[in-house]
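What follows is each chain in one-letter form.
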Amino acid sequence: MTATGTIDRSPPPGGRPRPMELDPADRRIDVLDDRPDALAALAAEPAAAAETPAAAQPRQGWPALGWAVAGIAALVAVALCFDAAALVARAFAASNVLGVAVSGLLAAVVVVVIRAFVDELRGLGRLRRGDALRAEAERVIARAGHGDAAGVAARLKTFLDHRPDTAVAWRTVDTHLTDAHDDRESLYLVEGALLVPIDRDAYGAVVRAARDTALATALSPSAVLDLAIVLWRTARMTREVAGLYGVRPGPVGQVRLIRRLVSNLAVAGLAETAHHAAVDALGGSLAAAVSARIGQGLINGLLAARLGVAAMHACRPMPFGPERAPNLLGIRAELLRMPKEVF
Amino acid sequence: MAVPPAPVRPRARGSDGAAAATVNDAGSGDVVPPISRDDLRYYGQRAAAQASTLAARAAEKQIRVGVTGLQRSGKTVFVTSVIDNLLKGGRLPMLTAIAEDRFLGAQLRPPPAADVPRFAYEGHLGTLTGTPAAWPARTRGVNQIRLVLKIRPKAMMRRLVSEARTVTLDLVDYPGEWLLDLPLLDLDYPEWSARTIRLAAQAPRDRLSQDWRAWLGQVTPDQPADDETARQGAALYTAYLQACRSDDTHLSVIQPGRFVEPGDFANAPLLAFCPLAGADARDRRGGLGRLMADRYDAYKASVVRPFFIRHFARLHRQIVLVDLLGALNAGAPALTDMRAALTDSLASFRHGRGTWIERLTGTRVDRVLFAATKADHVAATQHANVRLTLDTLLADARREIRFAGAAIDVTAVAAVKCTRTVVTDHDGRQLACVEGIPAGRTDKTVLFTGDIIDPSDPIPEGIERPYRFMNFQPPPGLGRDGRGLPNIRLDQALEFLIGDHLA
């Protein structure tokens, strides 16, 4: 580092404070906890940050077509309402008992639809909150300052409230954290106690899915069945991984998640993808030479594994710490070992 | 004013290599220097030591970690805290093996070498945790202690039966002054003399070395050798070195180390020499210059080399503790001197240089950690800047070492954390301060130490005494919770030093 003036050498506003001894009775604030300003700023910032991309996304489609679809949907909804009203009226005309039964059924259907709709919205909200939290954690870690980790940790705590076993982990974090840890170190400790156990479960789920997919495609008699198996198993795995991290997407959320996974396969922290793709292809072709079916199974299994790892990256509310990201090597070793075990 | 680095040249030979010296002076570095009997013995011993280390390593995983640092850098407390924390395992959350719950425990074992003093861990810990709590007395010379760590290997995690593995960890603690002696192996007497005299004439050393330099003016290398004169010079030179080391000057380049840390060599004729102006490799026999040069070579042969063979060359990892805050307290000259000393000491970790024999038996220190100690004397918000300041001090030398293949890292640690970081409101602004009991007092105080604003220029001109770091007492009731001594970043230091062996 040469002194080329990139560093601000000017003293801080108000002059450089002189070293001094202070009266211990002075009002003092502990660094780690009570910094309300910083916390408030943190809580406000990410919401705005999260809004921008979410709001920008739908605008990228065709607005005209969107309006058309929305209009048709509204028309259908109105028609359905008329139909339902007519149906109830006809049922009452036939018999009062039938009328009550039909209207009860209708009410139940309406409630269920509304429930599903709310759940879907809530799932999407959680997905978005996870993204915001991850972005926030990334920023705090990169800055490695002091006093911001508490806010991220508090948000992570509410995010992970679906897991019953986190109290012990939080206590571990609490015993280990001292005022000397900066935000990066604090969040590393938090991540190690809270998220690494979940990572282990999620990795297990991914390995299982990869194995199932590989085995099923190796044994299935037709290509159509292959496709169905891969789609079904991948969807289940994604739901499982997302659920472990506290993201519970409904069908729409899941479609959105899978779409993101597929588009993220090449990026999303999978820097190794290109390299592994080459290696996998080589290994796959070798296996294919031995048996086309087994080769296909392996390739499908690896695809599922890669989707699973991408799902972990996409659902985890914090970025993976150094050396903590899951790797595909282990899964591949497992899959390559499988033919020996099966046949 | 930086001290010029040691000129790079082939190793100097023993006292009977005068003829070859002319060959070298002509600048033909490619010529393989003739090997003296001294050298042969040296290489033989090194090869034997290396072989025994290798054999021991093959039988069992063994890591030898060197802990060094100049006086008052906190070696003793550091080693005590490392042992205590490894034994109890409760305050090292960022040591991966502990975080992954693979660390099964540690135990002390009898040290391997019967003739090297054992590090008095129990005594030092007793002093730290006693009432009243006090800092342990300083240790002298080399101390060694052996720990056995039990680890569940990572690769075995998913097997049904995971077999525990033991790793032997030897901690070797030696004075940093001895590390600064190692560059002497590459210097012959005239070179060293010229260098030392040049250094002594620079501020603030010129003031401290006045008496000795006055004496230098009265003697010449050609005058008849006389033990009394040599002793006189050595005494004056030693007084100068001691003055350099005192608290308020806090200078780091102290050569030769045994002058201030004599160990078993107090009053030995070996130490009765000092640099001479105008010394030349062709000084005539019987002259004072020749006498001094002979003693210098004897010093290298019977002090520096044995240390190198027996201890330094067998280390695998090294941590160098640096009292950076002390130097910052003392001012710009101390900092400049520290940079020179660090650069000098780094030269010893440069491997793959020299003759083929040297390469064959070369050192294996593949990770070096420089740690600014006593990080708890500044507020936590300043740790990053303390680390960056040390990093800047090491910048030049560091590039070279990394090129040579050893991994280097820099950190700020506190072996025993005696303060708390608090934020105070002072005149309407928030200052990050430390709170603790200063040395020699009984009540807590809150201290604003001064912030490092620009790590590349920590002592800007025009600001008088920008820092005020104080020494603190160990807090009462240390270690009572049985989790190990409270520390700052000891886990990360250990992770860098031995983490890969615990995988």
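Worth saying up front: this structure is predicted, and the values here are computed from it rather than measured.

K.L.:
Could you clarify how one ought to interpret the overall build of chain A in this entry?
P.N.:
Across its full length, chain A holds 11 helices and two strands. Listed N to C, the secondary structure of chain A is β-β-α-α-α-α-α-α-α-α-α-α-α in terms of helices and strands. In chain A, of all internal contacts separated by at least 6 residues, the share reaching a separation of at least 24 is 76%. About 19,100 Å² of surface is accessible on chain A, with carbon and sulfur atoms providing 67% of the total.

K.L.:
Explanation requested: a nonpolar patch on the surface in the structure shown.
P.N.:
Residues and elements named next belong to chain A. The grouping of L106, V110, I114 and V118 at the surface amounts to a nonpolar patch, some 300 Å² of accessible area in total. Mapped onto the secondary structure, V118 falls in helix α3 (residues 96–143). According to the relative accessible area criterion, V118 is partly exposed, its value standing at 34%.

K.L.:
What is the right way to read the environment of B:I63 from this model?
P.N.:
Residues and elements named next belong to chain B. By the secondary structure assignment, I63 is in strand β1 (residues 61–69). For I63, a relative accessible area of 0% corresponds to the buried category. Discounting chain neighbours no more than four positions away, the residues touching I63 are V167, T168, L169, D170, H316, R317, I498 and H501.

K.L.:
Explanation requested: the packing of α3(A) against helix α6 (residues 183–219) of chain A in the structure shown.
P.N.:
The relative placement of two packed helices comes down to the angle between their axes together with the axis-to-axis distance. Residues and elements named next belong to chain A. Contact geometry of α3 with α6 gives a least axis separation of 7 Å together with a crossing angle of 135°. The orientation of α3 with respect to α6, classified from their angle, is oblique. For the pair α3 and α6, the contacting residues are A137, V140 and I141 in the first and D183, R184 and L187 in the second. Of the residues in the contact of α3 with α6, the class split is four nonpolar, no polar and two charged.

K.L.:
What's the story with the pairing of β1(B) in this structure? I'm lost.
P.N.:
Residue and element names in this part refer to chain B. Counting buried positions along β1 yields eight of nine residues, so the element is predominantly enclosed. Direction of pairing for β1 relative to strand β4 (residues 165–175): parallel, over a ladder of nine bridges. Pairing of G66 across the sheet is with V172, part of β4. As paired elements, β1 and strand β5 (residues 317–322) share five bridges and run parallel to each other. Each residue of the ladder has a partner; that of V65, found in β5, is R317.

K.L.:
Which parts of the structure should I look at to understand the packing of aromatic side chains?
P.N.:
Given two aromatic rings, their pairing is described by the distance between the two centres and the angle made by the two planes. Taken as a whole and judged by the stated rule, the model has 17 aromatic pairs over all chains. Their ring planes at 5° and their centres at 5.8 Å tell us that B:W212 and B:Y240 sit as a pair that is stacked. Highlighted residues: B:W212 in helix α9 (residues 210–218) and B:Y240 in helix α10 (residues 227–245), separated in sequence by 28 residues. Three or more aromatic residues joined by ring pairs form one cluster here, namely B:Y189, B:W192, B:W212, B:Y237, B:Y240, B:F259, B:F273, B:Y296 and B:Y299. Just above the ring of A:F320 sits the side chain of A:R316; from NZ or CZ to the centre is 4.0 Å.

K.L.:
Which parts of the structure should I look at to understand the environment of A:I198?
P.N.:
Residue and element names in this part refer to chain A. On the secondary structure map, I198 appears in helix α6. Judged by its relative accessible area of 1%, I198 falls in the buried class. Counting along the chain gives 48 residues from I198 to G246, while the straight-line C-alpha distance between them is 10.0 Å. Those residues within four positions of I198 in sequence are excluded, and the remaining contacts are L160, R163, L244 and Y245.

The rules behind each value
Residues numbered from 1 in each chain as written. Chains lettered and ligands numbered in written order. Predicted model: local features only at pLDDT ≥ 70, side-chain atom pairs only at ≥ 80, totals over all residues. Heavy atoms only, no water. Helix = DSSP H or I, 4+ residues; strand = E, 2+ residues; numbered from the N terminus. Contact = heavy atoms within 4.5 Å. Areas by Shrake-Rupley, 256 points an atom, 1.4 Å probe, with all protein chains shown as cover. Patch = residues over 30% accessible without salt bridge, like charges linked within 9 Å, V, L, I, M, F, W, Y side chains within 5 Å. Salt bridge = Lys/Arg side-chain N within 4 Å of Asp/Glu carboxyl O. Buried < 20%, exposed > 50% of the residue type's maximum accessible area, 1.4 Å probe, protein only. Axes fitted to C-alpha atoms, helices over the stretch in contact; angles between N-to-C directions. Parallel < 35°, antiparallel > 145°, perpendicular 65-115°, else oblique. Nonpolar A, V, L, I, M, F, W, Y, C, P; charged D, E, K, R; others polar. Pairing = 2+ DSSP bridges. Phe/Tyr/Trp six-rings, centres within 6.5 Å; stacked < 30°, edge-to-face > 60°. Lys NZ or Arg CZ within 6 Å of the ring centre and 35° of its normal.

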